[in-house]
Amino acid sequence: MRGRARRDGDTTGGKQWLPGATVILQPMARLNALRRVYAFRIIVNIIHTTSDYLPKVLRFLNVAFDSSGDCLIAGDHQGNIYVFDLSGNRFNLVQRTAQACTALAFNLRRKSEFLVALADYSIKCFDTVTKELISWMRGHESSVFSISVHASGRYAITTSSDTAQLWDLDTFQRKRKLNILQSVGIQKVFFLPLSNTILSCFKDNSIFAWECDTLFCKYQLPPPPESSSILYKVFAVTRDGRILAAGGKSNHLHLWCLEAKQLFRIIQMPTKVRAIRYLEFLPDSFDAGSNQPPPPLVKVIEDLPKSKLTSGDLKMKVTSGRVQRPAKSRENQIQTRILKQDLTGHFENKENELSDGLNKKRLQILLKGYGEYPTKYRMFIWRSLLQLPENHTAFSSLIDKGIHVAFLNLQKKYPIKSRKLLRVLQRTLSALAHWSAIFSDTPYLPLLAFPFVKLFQNNQLICFEVVATLIINWCQHWFEYFPNPPINILSMIENVLAFHDKELLQHFREHDITSQVYAWPLLETVFSEVLTREEWLKLFDNVFSNHPSFLLLTVVAYNICSRAPLLNCSLKDDFEYFFHHRNNLDISAVIREAYHLMDTTPADIHPDNMLDVFVALTQGQYPVFNQYPKFIVDYQTQERERIRNDELDYLRERQTVENMQAEVDQQRVEDEAWYQKQELLRKAEETRREMLLQEEEKMIQQRQRLAAVKRELKAKEMHLQEAARRRFLKLQQDQREMELRRLEDEIERKVHMRDQEMATAVKDLEMRHLELESQKRLYEKNLTRNQETAAKEMREDADAYRRKVNLEEHTFHRLIETDQTQNQKTQKLIEENLAKAEQACLNTDWRIQALHKQRCDDLQRNERYEEMAKLLRKNRRKEIEVLNAMMEKEAKKWEEAEEKDFRLKSEKKASALSDASRQWFLEKEINDALEHTEGPRSQYEQVASSCLPRTSPGSDVSEVDASTWISLNQRKIQWDTMEQDLLERVRNLRQRLTTQARHSCQTPHLLAI
């Protein structure tokens, strides 16, 4: 519903109603007499007046019938709602809303309930029997002018100028909301009878139909013809929901058939009719009891000229829709205005015409004689009595502070039609709030100041000073119990009432009616609710001319003069109603009674003993007003400021959301425009594509014709080329035959020459084969001799080497046995030393030294390990160098055949050097082992650790240097194997020695623990 109802670029019609006619339609039966005009009689005539001395006619704003048509509900501009029983010929006041109603609905599911739309944009549901508030629905931001209820009574649609909302009347919750653009207004949204369809009518004459459950758009009525195009204002539907009547600012009436979805009839009214204000189809109950409808199907009440209207014509016609009031003639309006001017006078314009200089006593004598001051000089007398200082500078400073935050939304709480009066009231209340903080939190201050604001609205300075003087003098001690009513003042009134009329006070006590009910409403409104304008002015002539206690005695006098109706009241609601509405009471009698109470009240309970005498406002600056509990006012001011800040935050967030929504809407519009543009581009592209296809077809045909011509030319060219090719092939064939004959001759000559060359080559190969055979036999003989010599030498060397290895193994085994023996002895010695150390465990110094020494040993051992690692890396590098050298030497073995004797000598010298080095190593190890057994534990560790770096480099280097000179090819493999075995043995020996040294170093630490 929200997406389909949005329309762009629509225009709206005018908003003013011109004098027009009211048209009442009956269900369509015959259409041949639509233009005939008939008169009809009035069924009921309702006149609503007040009960004052000068009764005034109150305007009914809206009416609504129930589903049966026997009862109707009506609301006036004062907020009173009445139920009229037409069959029973009686009515009843069911609710006081205190504000004008804008729309009514009375055909709900529960027959006793009704909906009322109020001027504060809210909708309330009341019960006509219990008169209780059932629900309060909010959500509109403008005045609701239409309420439509579904035939089942379960749903309702409320319509304002900017939105329509669908409500569930079982839960009173809003289900959906129809949003539209600002440029497109809503005329009316309502349910069709006997169907589940919603009809929405907009100001651009567009009419949509929606499904109630799914809110799917069912159809849209076509626009009316241009010859009879009008802006629709009013609508009506028959009871069966098949025909829609629409009219507006024209004398034409359109009838739509909703089944066919088309306009089928246009009714033209008389030329005197300029606009149609209201439309309604008559139900069967309005045909005067006849079962047959009268011949005319359309009844038109013509809009008579204003000059012909008389006072008897000024009556209201009650129908089942909104009541329209005929316009009064201009002569009667002028006459009424002149009469009002003669009765009241323009006293607002006379306020500043006279000066001071009056005598108060003479004024009191004059007042007692006439009962009131002259209307022409009343304002001047009041200013003299109140001694107003007219501090223009001080008042301007208060006004310059602007509207106080407490009264920014005054219109919502007190809807005042006159914008000028509202503006003056806001400024006066704001000045009072800036003068003293208490007045920003006083809830009854607008009620107190309103009559004076209305009286002095043309002079805001006088208005402010009159209200300020009233508060200082006649409102003494009112704010001592703030925010509660002035209990002390109310107690004074109750004491005076108890003295003068005990029966009335006892009656109040029996019905639990306190002074807050019978006295405080009169004080907080200064009698403005219960008195007319003239009565109120007459009363305050006497109030301003007497002591401030006169106002309190007037309250008692009002109760005493009203004792008869009050004694008849028994319900609290009746008492409250009595003191909030005007009553049939003579104000002169009340004033006389007040003077009587002034004279007869005892001094101990007389209010003048408790109230100060009159004090005027000071000149230049206004006095400080602080007669109130400041901490309460400060707290409320803080709370109000906090609430105001929260409200500002909310408004900012709301503005942000609205801006975002506006951007989204703008983006949506742009997207739609872009989509439309793309659609146009797509259509243009399709058109051009079709044109291109046609052009391509033409080109294809032209190409086909051109290809046919080319094929003919190509065929001719191919015939010519074929003839030329045949001539050329024949020429080539002749040339090739001649070349073949020449080549055959050349081949025969070359074959003969090749045969001769092959015979010569065979002879040369036979001679070369004989030479190779002789060389082979010589080489085999020399090789056999050399192998025998080499084998003999290798056997001799192997025997010598075997003997040398046996000797070395024997020496090494002795070294191992000696080492094991010495280790056992050393272990035994260490165990004895540890036993002694355990006995001397109490010696702390020894432990510290031992711990320090252990740390040093760890560091030294780490250093030795690092040195050993470095030596191992050096050995590996040297081994790699040896391997590289050996590979280089292997390449030169065949070239060193002449140096065999010299190298054999060098080998013997290297072998002798290796034997000496190995013998020296073994002897050194034996000597070190013997020294280890004799020395202390620390020397043993040093010896064990020093053995490793001394043995490894010397032996390794010597062996590597010796092995570098072995270069004979026949003995290379044997010597390499022997060298690898020797190196492996040396490595194993190093590992065993290192392991033994590590164990010998770790064992003392374990024992020390």
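Whatever comes next refers back to the structure up there.
Report follows, based on the coordinates. (Residues numbered from 1 in each chain as written. Predicted model: local features only at pLDDT ≥ 70, side-chain atom pairs only at ≥ 80, totals over all residues. Heavy atoms only, no water.)

**Topic: the overall build of the chain**
Phase 1 of the analysis: The helix and strand inventory of the chain stands at 22 helices and 23 strands.
Phase 2 of the analysis: Counting every position in the chain, which comprises 1009 residues, the buried fraction comes to 39%.
Phase 3 of the analysis: Of the contacts made within the chain by residues no fewer than 6 positions apart, 63% connect residues no fewer than 24 positions apart.
Phase 4 of the analysis: For the chain, the accessible area works out to roughly 61300 Å², and carbon and sulfur atoms hold 53% of it. (Helix = DSSP H or I, 4+ residues; strand = E, 2+ residues; numbered from the N terminus. Buried < 20%, exposed > 50% of the residue type's maximum accessible area, 1.4 Å probe, protein only. Contact = heavy atoms within 4.5 Å. Areas by Shrake-Rupley, 256 points an atom, 1.4 Å probe, with all protein chains shown as cover.)

**A short note on the sheet that holds strand E16 (residues 207-211)**
Phase 1 of the analysis: The strand order E14-E15-E16-E17 describes an open sheet built from four strands, whose pairing is antiparallel. Unpaired on one side and paired on the other, strand E14 (186-191) and strand E17 (217-220) mark the two borders of the sheet. Sheet twist, expressed as the mean angle between neighbouring strand axes with direction ignored, is 20°.
Phase 2 of the analysis: By the bridge criterion, five bridges tie strand E15 (residues 197-202) to E16 in an arrangement that is antiparallel. Across the sheet, the residue bridging to Ser200 is Phe208, located in E16. (Pairing = 2+ DSSP bridges. Axes fitted to C-alpha atoms, helices over the stretch in contact; angles between N-to-C directions.)

**Details of the side chain of Gln476**
Phase 1 of the analysis: In this fold, Gln476 is placed in the loop between helix H8 (460-473) and helix H9 (487-500).
Phase 2 of the analysis: Judged by its relative accessible area of 6%, Gln476 is buried.
Phase 3 of the analysis: A polar atom in the side chain of Gln476 sits 2.9 Å from the backbone oxygen of Asn473.
Phase 4 of the analysis: Look past the residues within four positions of Gln476 in its chain and what remains in contact with it is Ile471, Ile489, Pro548, Leu611, Asp612 and Val613. (Polar contact = N/O pair within 3.5 Å; in protein donor to acceptor, adjacent residues only side chain to side chain.)

**Focus on the packing of helix H3 (residues 378-386) against helix H13 (residues 533-544)**
Phase 1 of the analysis: Packing of H3 against H13 brings their axes to within 10 Å, and their N-to-C directions diverge by 30°. By the criterion of interaxial angle, the relationship of H3 to H13 is roughly parallel. Both H3 and H13 take part in a crossing whose hand is left-handed. Packed against H3, whose contacting residues are Arg378, Trp382, Leu385 and Leu386, the element H13 presents Trp536, Leu537, Phe540, Asp541 and Phe544 at the interface.
Phase 2 of the analysis: Taken together, the residues that form the contact of H3 with H13 break down as seven nonpolar, no polar and two charged. (Parallel < 35°, antiparallel > 145°, perpendicular 65-115°, else oblique. Left-handed = near helix turned anticlockwise from the far one by under 90°. Nonpolar A, V, L, I, M, F, W, Y, C, P; charged D, E, K, R; others polar.)

**Remarks on the sheet that holds strand E20 (residues 252-257)**
Phase 1 of the analysis: Reading across the sheet, the four strands line up as E18-E19-E20-E21 and stay open at both edges, with antiparallel pairing between neighbours. Bordering the open sheet on either side are strand E18 (232-237) and strand E21 (262-268), each of which pairs with just one other strand. On average, each strand axis in the sheet is inclined to that of its neighbour by 25°, with strand direction left out of account.
Phase 2 of the analysis: Judged from the five bridges that link them, E18 and strand E19 (residues 243-248) form a sheet pairing that is antiparallel. Looking at E19, one finds that Phe235 is bridged to Ala246.

**Concerning the packing of H9 against helix H14 (residues 549-561)**
Phase 1 of the analysis: At a closest axis distance of 9 Å, the pairing of H9 and H14 adopts a crossing angle of 45°. The orientation of H9 with respect to H14, classified from their angle, is oblique. Here H9 runs over H14; the crossing is right-handed. Between H9, through Ile489, Met492, Ile493, Val496, Leu497 and His500, and H14, the contact on the second element is made entirely by Leu552, Leu553, Val555, Val556 and Ile560.
Phase 2 of the analysis: Residue classes in the contact of H9 with H14 are distributed as ten nonpolar, one polar and no charged.

**Side note on the pairing of E20**
For a regular strand, side-chain orientation follows a simple rule: the groups alternate between the two sheet faces.
Phase 1 of the analysis: Of all six residues making up E20, five are buried, and the element is well covered by its neighbours.
Phase 2 of the analysis: Pairing geometry for E19 and E20, over five bridges, is antiparallel. When the bridges of E20 are listed, Ala246 appears paired with His254.
Phase 3 of the analysis: Once E19 ends, the chain turns through three residues before running back antiparallel as E20.
Phase 4 of the analysis: Relative to E21, E20 runs antiparallel, the two sharing six bridges. Opposite His254, over in E21, you have Ile266 as the bridge partner.
Phase 5 of the analysis: In textbook terms, the turn of a hairpin is the stretch between consecutive antiparallel strands, and for E20 and E21 this stretch comprises four residues, one of which, Lys261, has a positive phi near 60°.

**Here's the deal with the side chain of Thr469**
Phase 1 of the analysis: On the secondary structure map, Thr469 appears in helix H8.
Phase 2 of the analysis: Sequence-distant contacts of Thr469, that is, excluding residues within four places in its chain, are made with Leu386, Leu388, Trp474, Phe614 and Leu617.

**Notes on the environment of Arg242**
Phase 1 of the analysis: Along the chain, the position of Arg242 falls in the loop between E18 and E19.
Phase 2 of the analysis: Taking the C-alpha atoms as reference points, Arg242 and Cys257, 15 residues apart in sequence, are found 6.1 Å from one another.
Phase 3 of the analysis: Among the polar contacts listed, one links the side chain of Arg242 to the side chain of Asp240, at a separation of 2.9 Å.

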